[in-house]
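A structural walkthrough
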Amino acid sequence: MSIEVWQGDITQLAVDAIVNAANETLLGGGGVDGAIHRAAGPGLLAECEQLPELRPGIRCPTGEVRATSGHALPARHVFHTVGPVWRDGRHDEAALLANCYWQSLRLAEQMGLESIAFPAISCGVYGYPLHQAAHIAVTETVTWQKSHARPLRIILVAYNAAAFKIYQQALADAGGTQKSHFLEDLKPAMG
Ligand code: AR6
């Protein structure tokens, strides 16, 4: 088994589940959240609106995950998780970010899914330092794979070349085996 590192747009991946770096409302936003909603079409927002609110406006607390279908995406499901907003590293950020990965993997296992792809949760608008977040993503996924058979394929998606290098380095540091792909390789007919 190995962790795969991909570079490109997560909305193009035909996997069982792509993970969305959402906010607690689950009603969409910018970054990868906006890209996923645009690619999935309006049915995704309609399904999110139907999810129960735990408190007014809160459908998914930070560190947890909720599943919807993928609608117009090539992915079958979207797992909406909410990463922590980076403050100074002393506000439980690492544990909350680790939870996003672990809870998503647990849900994928419970749903019997074979493949899951993660963006760099919290590393955009929420400001988590990428090196530290990549270390957490790798630690959680490698640790999960050591003791669980499913999901068989775990993909970490880097949006740009700099993030891709950081993920590769984090995986090498963790002693994890890896396969690397560029999503651009898959669409030679485009552009
Ligand atoms: N494919 C893969 N990765 C992407 C894509 C994409 N299409 N687009 C952006 N990224 P962010 P956060 C990377 O800001 O920090 C939203 O408004 C991006 O380069 O999307 O968890 C939500 O509604 C970065 O590395 O998520 C929340 O309010 C990573 O995805 C808030 O932003 C995450 O960046 C969540 O902030």
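For the structure, check the block above.
Quick summary incoming for the structure in this document. Keep in mind the model is a prediction, meaning the values are calculated, not measured.

Further remarks concern the overall build of the chain. Summing up its helical and strand segments, the chain has five helices and seven strands in all. Counted from the first residue to the last, the chain has its helices and strands arranged as β-β-α-α-β-β-α-β-α-β-α-β. Its C-alpha atoms give the chain a radius of gyration of 15 Å, near enough to 16 Å, the size a compact globule of 191 residues would have. On the principal axes, the C-alpha backbone points of the chain span a range of 45 × 45 × 30 Å. Looking at the chain residue by residue over its 191 residues, the buried ones come to 48%. Carbon together with sulfur atoms contributes 54% to the accessible area of the chain, which is approximately 8900 Å² in total.

A word on the site of the ligand. Lining the immediate surroundings of the ligand are 21 residues, of which Asn23, Gly30, Val32, Asp33 and Gly124 lie closest. Taking Val32, its main chain carries an N or O atom lying 2.8 Å from an oxygen atom of the ligand. In this structure, an oxygen atom belonging to the ligand sits 2.8 Å away from a main-chain N or O atom of Gly124. Alone, the ligand offers 700 Å² of accessible surface; in the complex the protein occludes 88% of this. Given that more than half its atoms are within 2 Å of the pocket grid, the ligand belongs to the largest pocket. If you tally residues by element for the shell around the ligand, the top one is helix α1 (residues 31–40), at four residues. Of the residues assigned to the shell around the ligand, the class counts are 11 nonpolar, eight polar and two charged.

In this structure the tally under the stated criterion is three aromatic pairs. Ring centres of Tyr101 and Phe118 lie 4.8 Å apart, and the angle between their planes is 40 degrees; on these two criteria the pair is classed as tilted. In this pair, Tyr101 sits in helix α3 (residues 93–110) while Phe118 sits in strand β5 (residues 115–118), placing the two residues 17 residues apart along the sequence. The class of Tyr101 is buried, set by a relative accessible area of 1%.

Right, let's talk about the nonpolar core for a bit. Among the nonpolar cores identified, the biggest contains 35 residues, and Phe79, Tyr101, Ile116, Phe118, Leu156 and Tyr167 are the most heavily contacted of them. Elements with a contribution of two residues or more to this core: β1 (3–7), β2 (17–21), α3, β5, α4 (130–147), β6 (153–158) and α5 (161–173). A per-element tally of this core places α3 first, with eight residues. The contact partners of Tyr101, leaving out residues within four places of it in the chain, are Phe118, Pro119, Ala120, Ile121, Ala137, Glu140, Thr141, Leu156 and Tyr167.

Turning to the environment of Gly124, a few remarks are in order. Structurally, Gly124 is set in the loop between β5 and α4. Taking relative accessible area as the criterion, Gly124 reaches 54% and is therefore assigned exposed. Sequence spacing of Gly124 and Gly30 is 94 residues, and the spatial spacing of their C-alpha atoms is 9.6 Å.

Of all five residues that make up strand β4 (residues 77–81), five are buried, and the element is covered over most of its length. Pairing of β2 with β4, which is carried by five bridges, proceeds in the parallel orientation. Looking at the pairing, Asn20 lines up with His80 of β4. As paired strands, strand β3 (residues 65–69) and β4 are joined by five bridges and run antiparallel to one another.

Below, the discussion takes up the pattern of salt bridges. Applying the stated rule across the entire model yields five salt bridges. One salt bridge in this structure joins Glu4 and Arg153, with 2.9 Å as the shortest N-O distance. Here Glu4 is found in strand β1, whereas its partner Arg153 is found in strand β6, with 149 residues between them in sequence. For Arg153, a relative accessible area of 34% corresponds to the partly exposed category.

Here is what the cut-offs are and how they apply
Residues numbered from 1 in each chain as written. Predicted model: local features only at pLDDT ≥ 70, side-chain atom pairs only at ≥ 80, totals over all residues. Heavy atoms only, no water. Helix = DSSP H or I, 4+ residues; strand = E, 2+ residues; numbered from the N terminus. Rg over C-alpha atoms; globule rule 2.2 N^0.38 Å. Buried < 20%, exposed > 50% of the residue type's maximum accessible area, 1.4 Å probe, protein only. Areas by Shrake-Rupley, 256 points an atom, 1.4 Å probe, with all protein chains shown as cover. Near = heavy atom within 4 Å. Polar contact = N/O pair within 3.5 Å; in protein donor to acceptor, adjacent residues only side chain to side chain. 1 Å grid on protein atoms, 1.4 Å probe; cavity = no way out; pocket = protein on both sides within 12 Å on 5 of 7 lines; lining within 4 Å. Sits in = over half its atoms within 2 Å of the grid points. Nonpolar A, V, L, I, M, F, W, Y, C, P; charged D, E, K, R; others polar. Phe/Tyr/Trp six-rings, centres within 6.5 Å; stacked < 30°, edge-to-face > 60°. Core = buried A, V, L, I, M, F, W, Y, C linked by side-chain atoms within 4.5 Å. Contact = heavy atoms within 4.5 Å. Pairing = 2+ DSSP bridges. Salt bridge = Lys/Arg side-chain N within 4 Å of Asp/Glu carboxyl O.

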